[in-house]
Structures are given as C-alpha cells and as structure tokens.
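Chain by chain, the residues run as shown.
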Amino acid sequence: MTMEPEISSVLPRGASAHAARMVIPRLDPAGLVTMADDALRAAEQLSELDADVVVFGCTSGSFVGGHEYETDLVGRIAERVGCPTLSTSGAGVQALRALGVTRVAVATPYDDTLNRRLREFFTAHGLDVVNLVGLGLRERVAHFPLARTPVSAIAQQSEEVVYRLARAAAHPDAEALFISCTNLSTLGVVAELENDLSIPVVTANQASIWAAFRAAGLGDSPAAFGTLGRH
C-alpha cells in the first residue's frame, strides 16, 4: 500500500514501475517464508516486462531467513525475470555500506521476533546494531473506520508516528538510522530526521528505490533521499 505510491512519486520522466503482488498469510516468520515462496509466481508475471531491474519489495520477507536465505531468494527471482534483481533488506545493507556505516540504530514496526531476525541479518553483514526500537505490531491487518475491507495496520501509521519512532530509536553511538518496512510512509520525513539527528537516514523504500535506480542506470537519486541520494 505504501511502497508503490512512494516509488511512483519519484520516478523520472520516461521510467515506469510495475508490480506483481505476493500473498502473506500472517506477519510472522512462517507467513513471511510463505510469501517469499509466492514471489516466484509473481516473478513469472514480471518476466514478460523486459524490466531493467526487479525488486523483492519486502524488508522482513527478505531478512527473515538470514543472509544466505536472502541471497538464494534474490538468485531464484533473477533466474525467472532475467534481469538484475535485489531485495529491500539487501538494498538497505548496500545503502549503509555506501555511506560507510558500521554502527546503526534501527526503527521498525515489528514485534520482538522479527526485530531479532533483523538484528541477526545486519550482524551477519558486519553491521553493529547499537539500538533497535519497534512498534510491536503483530497483526497483518486491522479494520479501519469506514473502510469496506481490512487494511494494513502498518500502512495506517502516519509520518508523525514514524518520526517519533525514529527519534526513539536514535542513539548517540549510531552513524546512521535505518527505518525498516516497505509499508511505512517514510520519504516525507527523511530530510527532517537528518536535520534533527545530524546523521544519515536510510529507509526501506528509499534504499530500494536508490538501489534500483543504480541498477537500472536512471542517474541521480531524488533530492528527497537526503544523504543517501548523494552517493
């Protein structure tokens, strides 16, 4: 619900983004693995696009099984789409490395189970997670007043909530702040957070789009990407 409009909001003239959706039965490790398996079906749909790059656009779905799991998943998708492929969690690591970061603070919407998996994923990539704060959201969907169908509890969180969460996660030892989850609205708070915290801010959607731009040869990243956009 969030990643697609955030991508569309920054695409340069002449570029287009296309999505094939995956099914997630529940927001826990088993449900995320099921969704990742469904990504191969989605990849078959995208294979007809002749795309320049394909992104597996779910942070937790790509880090939940660890470093080797993410590498294998990206490889299997790439075989089906026949073009450069990346995942959101992999793009996050790539972005932090481009910034020269080794110590990172992390903000997420997740509960402790997924937060632990994310910490382990970053640690496997040589990143020291100096602080991690989550919203503790466990349910994939919640009923929104006046909505005819359930909508994502994570996507309901406002940028103000994301800003407060990020401020809570910030730590004096951190060289950067990472905000996880492609269903959180984050592009609108990157500049304000960087100004207030005086460190680079990397978010799931921002990193995914930044890495995709690089892979597709689209040139400079949008100014809204803050410090990362200059790398």
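All values reported here derive from a predicted model rather than from experimental measurement. (Residues numbered from 1 in each chain as written. Predicted model: local features only at pLDDT ≥ 70, side-chain atom pairs only at ≥ 80, totals over all residues. Heavy atoms only, no water.)

Is there a simple way to think about the overall build of the chain in this case?
Of regular secondary structure, the chain possesses nine helices and eight strands. A compact globule built from 231 residues should have a C-alpha radius of gyration of about 17 Å, and the chain, at 16 Å, falls within 12% of that. Sequence separation of at least 24 residues holds for 71% of the intrachain contacts in the chain that already meet a minimum separation of 6. For the chain, the exposed surface amounts to about 10,800 Å²; the carbon and sulfur share of it is 48%. Positive and negative side-chain charges of the chain, numbering 18 and 26 respectively, have mean locations separated by a distance of 3 Å. (Helix = DSSP H or I, 4+ residues; strand = E, 2+ residues; numbered from the N terminus. Rg over C-alpha atoms; globule rule 2.2 N^0.38 Å. Contact = heavy atoms within 4.5 Å. Areas by Shrake-Rupley, 256 points an atom, 1.4 Å probe, with all protein chains shown as cover. Lys, Arg positive; Asp, Glu negative; His and termini not counted. Charge placed at Lys NZ, Arg CZ, Asp CG, Glu CD.)

Even after reading the chapter, I still don't get helix H5 (residues 88–98), so can you show me in this structure?
The periodicity of an α-helix, 3.6 residues per turn, causes residues three or four positions apart to be oriented the same way. Thr88, Ser89, Ala91, Gly92, Val93, Ala95 and Leu96 are the residues of H5 that are buried. Note on H5: the residue one or two positions beyond its end, glycine 100, has a positive phi of about 75 degrees. (Buried < 20%, exposed > 50% of the residue type's maximum accessible area, 1.4 Å probe, protein only.)

Any chance you could explain the packing of H5 against helix H9 (residues 204–216) here in plain terms?
Close contact between H5 and H9 brings their axes to 8 Å; oriented N to C, the two are set at 80 degrees. Between H5 and H9, the angle falls in the class roughly perpendicular. Seen from H5, the contacting residues are Thr88, Ala91, Gly92, Gln94, Ala95 and Ala98; seen from H9, they are Ala204, Ala207, Ser208, Trp210, Ala211 and Arg214. The class makeup of the residues in the contact of H5 with H9 is seven nonpolar, four polar and one charged. (Axes fitted to C-alpha atoms, helices over the stretch in contact; angles between N-to-C directions. Parallel < 35°, antiparallel > 145°, perpendicular 65-115°, else oblique. Nonpolar A, V, L, I, M, F, W, Y, C, P; charged D, E, K, R; others polar.)

Help me understand the environment of proline 84, please; the structure alone is not making it clear to me.
Take proline 84: it is sitting in the loop between helix H4 (67–81) and strand S2 (85–87). The class of proline 84 is partly exposed, set by a relative accessible area of 44%. As a C-alpha pair, proline 84 and leucine 187 span 103 residues in sequence and 24 Å in three-dimensional space. Leaving out residues up to four positions away in the same chain, proline 84 has contacts with Asp52, Val53, Val54 and Ala215.

Is there a simple way to explain unusual backbone geometry in this structure?
What you tend to see is this: most non-glycine residues have negative phi, and most peptide bonds are trans. The residue cysteine 181 is not glycine, and still its phi comes out positive at about 95 degrees. Along the chain, cysteine 181 falls in the loop between strand S7 (176–179) and helix H8 (190–197). Relative accessible area serves as the criterion here: at 9%, cysteine 181 is assigned to the buried category. At serine 198, a residue that is not glycine, the phi angle is positive and equals roughly 60 degrees.

Quick question: what am I supposed to make of H4 here?
Taking 1.5 Å per residue as the helical rise, H4 with its 15 residues ought to reach 21 Å, and the 21 Å between its terminal C-alpha atoms agrees with that figure. All of the buried residues along H4 are Tyr69, Glu70, Leu73, Val74, Ile77 and Val81. The buried residues of H4 occupy one face: seen down the axis, they fall within an arc of 130 degrees. For H4, the exposed residues set more than 90 degrees away from the buried face come down to Glu68 and Glu79. Each element contacted by the buried residues of H4 is listed here: helix H2 (29–46), strand S1 (54–56), helix H3 (59–63), S2, H5 and helix H6 (112–124). Remark: glycine 82 follows H4 within two positions and exhibits a positive phi of approximately 70 degrees. (Expected span 1.5 Å × (residues − 1). Arc of directions from axis to C-beta.)

Just checking my understanding: could you explain the pairing of strand S4 (residues 128–134) for this structure?
Side-chain direction in a regular strand flips from residue to residue, so the side chains alternate between the two faces of the sheet. Pairing of strand S3 (residues 103–108) with S4, which is carried by six bridges, proceeds in the parallel orientation. Among the inter-strand pairings, alanine 105 is bridged to a residue of S4, identified as asparagine 131. With H6 bridging S3 and the parallel S4, this β-α-β connection has right-handed handedness. (Pairing = 2+ DSSP bridges. Right-handed = clockwise from strand over helix to strand, strands pointing away.)

Just to check I follow, could you spell out the sheet that holds S3 for this structure?
The pairing of strands in a sheet comes from backbone hydrogen bonds and takes either a parallel or an antiparallel form. Within the open sheet, the four strands sit side by side as S4-S3-S7-S8. Their pairing is parallel. Strands with a single pairing partner mark the edges of an open sheet, and in this sheet they are S4 and strand S8 (201–203). On average, adjacent strands in this sheet sit at an angle of 20 degrees to one another, irrespective of strand direction. Taken together, the three bridges between S7 and S8 define a ladder with parallel strand orientation. Bridged to phenylalanine 178 within S8 is valine 202.

Spatial relationships are all this shows, so hold off on functional conclusions.
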